[in-house]
Every structure is written in structure tokens, then in C-alpha cells.
Amino acid sequence: MFSGSIPALVTPFRDGAFDEKAFRRLVDWQIENGSSALVPCGTTGEASTLSNAEHHRVIEVCIEQAAGRVPVIAGCGSNDTRNALLHMNFSKKAGAAAGLCVAPYYNRPSQAGLIAHFSFLAENSDLPIVLYNVPARTVTDLLDETVVELVSKYPDRIVAIKDASGDLSRVADHRMGLDHDFCQLSGNDELWLPHSAAGGSGCISVTANVAPALCAEFHRAIASNDLVKAREINDRLFPLHYAMFSDASPAPVKYALTRVHDWLECDVRLPLVNASEASRKAVDEALEHAGLV
């Protein structure tokens, strides 16, 4: 259902508030540079520090500005199942193509709890769901058998997964348990190449925020089986993938964006703080290595 370079968009702030003007420019720039879909209000979009009103406005602006040029996968995750449903219902009405739903964090539900959570969402909203597994952040891990059970139970509702577990064997495990057409997206930029080789169709990417054209070109090389070109681009991007997490994300990518655009601020919301000096140095070096500055 989805493929290619899909940025997990930052939410720009200015003077503590959502910078709508800058966000609209960011959406346009992403589309003009080849991003195949957009994800507002994910982890990189600092959804956990947005009020529901802000959360919905960011999604609404993204869909308005994209204007049907690319699909929007709205971040709808919450550790409160009913609040996740609220986000999904809003996103459906706003025109989102799907909702990105992270495994509930902090609560630490069992696999039975995860099945109940996603089943409730699938049964009470007709917005397609992209599962999001990122156990390093949530502690909870969507195990392979849980994914297979959920997708088998709701094949028309649960359409994809963003997997940021770092376990590449899961791509094959999902393929063995499900139809091979089930959409698998990498949630780790540095694993995008091997994830695609194993059967993935793209990446929901942090790096694509700052390098959309290169990331789109990278995916095209993979899709055309041009491994030499894919490796070449991967080598250019690889230090940047790690620099994006040289401090608490999204502080490094917000700093990186200020290096390539003068209309974005690097502000993040507490409890995050701006990227450290060491992180900024790593980002600067990686941007130079990639030829972006």
C-alpha cells in the first residue's frame, strides 16, 4: 500500500507554538523532492508533547498542504486506546490515507493486551492502520505471531507495519506468516537497505526530513535493483543516519534542518532540549559527508 521514502516529519515550533507557515513549506519541499508519503505526528513529530488540539491541527495542515499529491499517514498512536481512536476518527475525516499506531507505551501491555488494543481500533474505525513497533521506546514489543494474528484477523484494516525493532529476521517472519504483499516499512534508516533486500517496500525515515531527494533516489535505486547505486547513496547517507540519533531525537534532525533552511527553528519541547555541541558537530560532519552543505 505504501512504498519509498516516507519522512516522519518534524513539528516546527516558533516561540513555543506550532509554526504552521514553516510546516507548510516543509511539506511542499518534501513532495517536490520525491517523498512518496508523509507522516505527521509520529515520534519525530513530538506527538507526545502536543495537545490533542495541536495534534489534530498538525495532521489537518499536512493533509491540506499535501493536497492529494502524496498520501498522509497520520500519527494516531497513544497509550490510551480511546485517545488513539479519537485521533483515528479525526484523521479519517480530515482525509488521511492511514493511521500510524504505535504499540502502547508506559502501560506495558501483554501480547493479549496488544491484540485487544489494535482489535478495538480496527473494529471501531475504518481508517487503515499501520502498526508501529519500536520496543526501544515503548518497552512493549509486537511479536511476530501477534502481528500475524492481527493482520490475519483484520486483513483489510491492518495494512502495513513500521518496524523499528532492529531485527531484520522479522521481515521474513512476517512474509512467512502473511501474504507477501503485506506492506513492511523499515523504521530504522541505517537498516533500510537490508530491510528492503529482505522484502521491505520502503522506510518511514528521520533522515528524509533533511535529505529527501537523496533518500528518494536511494529508494529508486533499490526498486530498480541497482545495488551499486544503492550502496553508493547509502554510503553517503550512513553517517547522517547515526547523527540523527546523536542526541535525543528529534533535536539533531531539527538542528540539521536549520543548516539547510533559514526558515526553520531548532526548538524542541521539554523534556527534550536542543542538540548538544557534540551532536551538532556530528550532524555538521555528516551533512558535509552527504554533500548537503
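The rules behind these values
- Residues numbered from 1 in each chain as written.
- Predicted model: local features only at pLDDT ≥ 70, side-chain atom pairs only at ≥ 80, totals over all residues.
- Heavy atoms only, no water.
- Axes fitted to C-alpha atoms, helices over the stretch in contact; angles between N-to-C directions.
- Helix = DSSP H or I, 4+ residues; strand = E, 2+ residues; numbered from the N terminus.
- Left-handed = near helix turned anticlockwise from the far one by under 90°.
- Contact = heavy atoms within 4.5 Å.
- Nonpolar A, V, L, I, M, F, W, Y, C, P; charged D, E, K, R; others polar.
- Salt bridge = Lys/Arg side-chain N within 4 Å of Asp/Glu carboxyl O.
- Buried < 20%, exposed > 50% of the residue type's maximum accessible area, 1.4 Å probe, protein only.
- Pairing = 2+ DSSP bridges.
- Right-handed = clockwise from strand over helix to strand, strands pointing away.
- UniProt positions renumbered as here; feature names shortened; annotations may be inferred.
- Phe/Tyr/Trp six-rings, centres within 6.5 Å; stacked < 30°, edge-to-face > 60°.

A.B. asks: Kindly report on the packing of helix α3 (residues 81-94) against helix α4 (residues 111-124), identifying the contributing residues and their values.
C.D. replies: Relative to each other, α3 and α4 sit at 35 degrees, their axes nearing to 10 Å. Regarding α3 and α4, the two cross each other, and that crossing is right-handed. Contact residues: α3 offers T81, R82, A84, L85, M88 and N89, while α4 offers H117, F120, L121 and N124. Looking at the contact of α3 with α4 residue by residue, the class counts come to five nonpolar, four polar and one charged.

A.B. asks: Which residues make up the pattern of salt bridges, and what values go with them?
C.D. replies: Counting across every chain of the model gives 16 salt bridges. Ionic pairing is found between R57 and E64, a salt bridge with its closest N-O pair at 3.8 Å. Using a relative accessible area of 28% as the deciding quantity, one classes R57 as partly exposed. Residue classification places E64 among the partly exposed positions, given a relative accessible area of 40%. Bridged by salt links that share partners, the residues E20, R24, R57, E60 and E64 form one connected network.

A.B. asks: A description of the pairing of strand β9 (residues 202-205) should follow, citing residues and the corresponding values.
C.D. replies: Successive residues of a regular strand alternate their side chains across the two faces of the sheet. Of the two faces of β9, the one lined by G202 and I204 and the one lined by C203 and S205 are each fully buried. Taken together, the four bridges between strand β1 (residues 4-7) and β9 define a ladder with parallel strand orientation. Note that in β9 the partner of S5 across the bridge is C203. Pairing analysis gives two bridges linking strand β8 (residues 183-186) to β9, with the strands arranged parallel. In the sheet register, L185 faces β9, and the bridge partner there is G202. Note on the crossover from β8 through helix α8 (residues 192-198) to β9: the handedness is right-handed.

A.B. asks: Would you mind going over the sheet that holds β8 in detail, with residue names and values included?
C.D. replies: In any sheet, the strands associate via hydrogen bonds between backbone groups, in a parallel or an antiparallel arrangement. Strands sit in the order β1-β9-β8-β7-β6-β5-β4 across an open sheet of seven strands; the sheet is parallel. The sheet is open, and its two borders are formed by β1 and β4 (73-75), each paired with just one other strand. On average, adjacent strands in this sheet sit at an angle of 30 degrees to one another, irrespective of strand direction. Sitting on the sheet, helix α7 (residues 169-177) touches β6 (129-133), β7 (158-163) and β8, and the angle it makes with β8 is about 175 degrees.

A.B. asks: Let's hear about the pairing of β7: which residues, and what values?
C.D. replies: Counted residue by residue, β7 has six buried out of six residues, so it is predominantly covered. The pairing of β7 with β8 spans four bridges and is classified as parallel. Across the sheet, residue I161 finds its bridge partner in β8, namely Q184. Handedness of the β-α-β unit built from β7, α7 and β8 comes out right-handed.

A.B. asks: I'd love a proper account of the UniProt feature "site: Part of a proton relay during catalysis" (unreviewed entry) in the protein chain, names of residues and values included.
C.D. replies: The positions UniProt marks with the feature "site: Part of a proton relay during catalysis" (unreviewed entry) are T43 and Y106. Assignment of secondary structure puts T43 in the loop between α1 (20-32) and α2 (52-66). Among all residues touching T43, those that are not within four sequence positions of it are Y132 and R137. Tracing the sequence through the fold places Y106 in the loop between β5 (98-102) and α4. Taking the relative accessible area as the measure of exposure, Y106 reaches 73% and is therefore exposed. Y106 has contacts with N79 and T138, leaving out every residue within four places of it along the chain.

A.B. asks: Can you break down the packing of aromatic side chains residue by residue, with the values?
C.D. replies: Taken as a whole and judged by the stated rule, the model has three aromatic pairs. With 5.5 Å between their ring centres and 65 degrees between their planes, F18 and F23 make a pair best called edge-to-face. Just as F18 is buried, F23 falls in that class too. Measuring from ring centre to ring centre gives 5.2 Å for F238 and Y242, while their planes differ by 70 degrees; the resulting arrangement is edge-to-face. Remark: Y242 and F238 occur in helix α10 (residues 227-243); sequence separation between them is four residues, near one turn of the helix. A relative accessible area of 29% means that F238 is categorised as partly exposed.

A.B. asks: Account for unusual backbone geometry, naming residues and giving values.
C.D. replies: Of note, the amide linkage connecting S249 to P250 takes the cis form, showing an omega dihedral of 15 degrees. Here P250 is to be found in the loop between α10 and α11 (251-260). Put simply, L270 and P271 share a cis peptide bond, and its omega is 15 degrees. Within the secondary structure layout, P271 lies in the loop between α11 and α12 (277-290). We note that A67 has phi near 50 degrees; this positive angle belongs to a residue other than glycine. On the secondary structure map, A67 appears in the loop between α2 and β4. For V139, which is not glycine, the phi dihedral falls at a positive 75 degrees. Looking at where V139 falls in the secondary structure, it is placed in the loop between α5 (135-138) and α6 (144-153). Under the relative-accessibility criterion, V139 is labelled exposed at 51%.

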